[in-house]
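# Summary of structural features
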Amino acid sequence: CLLLAPSIRPVTAAPDDDIRAFVERVNQASTDLLSSEENADERCRTLLGWAFDVPAMAQYALGKAWDRATSAEREEFLAAFEGAIVTAYLRRMRDYRGATMSFVGARPSAGGDRMAASRLRLPDAEETWIWRLRPSGQSWRIVDVAIDGSSVLSNERQEYAEILAANHDDINAVIA
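Residues numbered from 1 in each chain as written. Predicted model: local features only at pLDDT ≥ 70, side-chain atom pairs only at ≥ 80, totals over all residues. Heavy atoms only, no water.

## Things to note about the sheet that holds strand β3 (residues 126-136)
With respect to topology, five strands assemble into an open sheet ordered β1-β2-β3-β4-β5, the strand pairing being antiparallel. For this open sheet the edge positions go to β1 (100-108) and β5 (150-151), each flanked by a neighbour on one side alone. In this structure, strand β2 (residues 114-121) lies alongside β3, joined through eight bridges in antiparallel fashion. In the sheet register, R119 faces β3, and the bridge partner there is T128. (Pairing = 2+ DSSP bridges. Helix = DSSP H or I, 4+ residues; strand = E, 2+ residues; numbered from the N terminus.)

## Things to note about the nonpolar core
In terms of nonpolar packing, the biggest core is built from 46 residues, with F52, F77, F81, Y89, W129, W131 and L133 touching the most fellow members. For this core, the element with the highest residue contribution is helix α5 (residues 71-95), accounting for seven residues. Sequence-distant contacts of W129, that is, excluding residues within four places in its chain, are made with Y89, R92, M93, Y96, M101, A116, A117, S118, L120, V145, A146 and I147. (Core = buried A, V, L, I, M, F, W, Y, C linked by side-chain atoms within 4.5 Å. Buried < 20%, exposed > 50% of the residue type's maximum accessible area, 1.4 Å probe, protein only. Contact = heavy atoms within 4.5 Å.)

## Description of the packing of helix α2 (residues 40-51) against α5
At a minimum axis separation of 10 Å, α2 and α5 run at an interaxial angle of 115°. On the basis of their axis angle, the class for α2 and α5 is roughly perpendicular. Relative to α5, α2 is oriented so that their crossing is right-handed. For the pair α2 and α5, the contacting residues are A40, D41, C44, R45, L47 and L48 in the first and E82, G83, I85, V86, Y89 and L90 in the second. (Axes fitted to C-alpha atoms, helices over the stretch in contact; angles between N-to-C directions. Parallel < 35°, antiparallel > 145°, perpendicular 65-115°, else oblique. Left-handed = near helix turned anticlockwise from the far one by under 90°.)

## Digging into the layout of surface pockets
Remark: the empty space left among the atoms is shown by a probe the size of a water molecule rolled over them. The space that makes up the largest pocket amounts to roughly 400 Å³. What lines the largest pocket is a set of 17 residues, and nearest its centre among them are I85, A88, Y89, V145 and V152. Mapped onto the lining of the largest pocket, the elements with two or more residues apiece are α5, β4 (139-147) and α6 (152-166). Looking at which element gives the most residues to the lining of the largest pocket, the answer is α5, with six residues. Here the residues of the lining of the largest pocket sort into 14 nonpolar, no polar and three charged. (1 Å grid on protein atoms, 1.4 Å probe; cavity = no way out; pocket = protein on both sides within 12 Å on 5 of 7 lines; lining within 4 Å. Points joined across faces, edges and corners; volume = space filled by probe spheres on them. Nonpolar A, V, L, I, M, F, W, Y, C, P; charged D, E, K, R; others polar.)

By themselves, these observations are geometric and do not establish any function.
Written out as structure tokens, the structure reads:
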């Protein structure tokens, strides 16, 4: 009897089905951001809240400076970092009004993260977005996105490293 076999787990959706559902939800939320300009900033912050691991992204982007920062500096940086993400994401989606995003596929990645691809289509252009996903409870969280092969988070990390180097490792320069 299956009820007496504790090592047998109930059948759940395949991991790729879960990833597909998550990415399709992100794709829809992303393209819906500008269905109306009203509350676009707030809707983008809501999307970040459930779909992105902003604290992990901020820590990676700041690099070794994260370890040297006080908890107050970290919180201030995190708020500024989230604001920058919202501004950049909304700007990008404004440029892509009328675009459609569709799930392409998923594959394993190093360190337990998964990679999932979306294709953004415009009438005269197309981009591939690769989402780096990390398990989070019963779902996933985005920890980076590469657009046509360029990691947004790696670019931010490089930019912040340059700002820190030019400002004697003063995190306030990055926050500003």
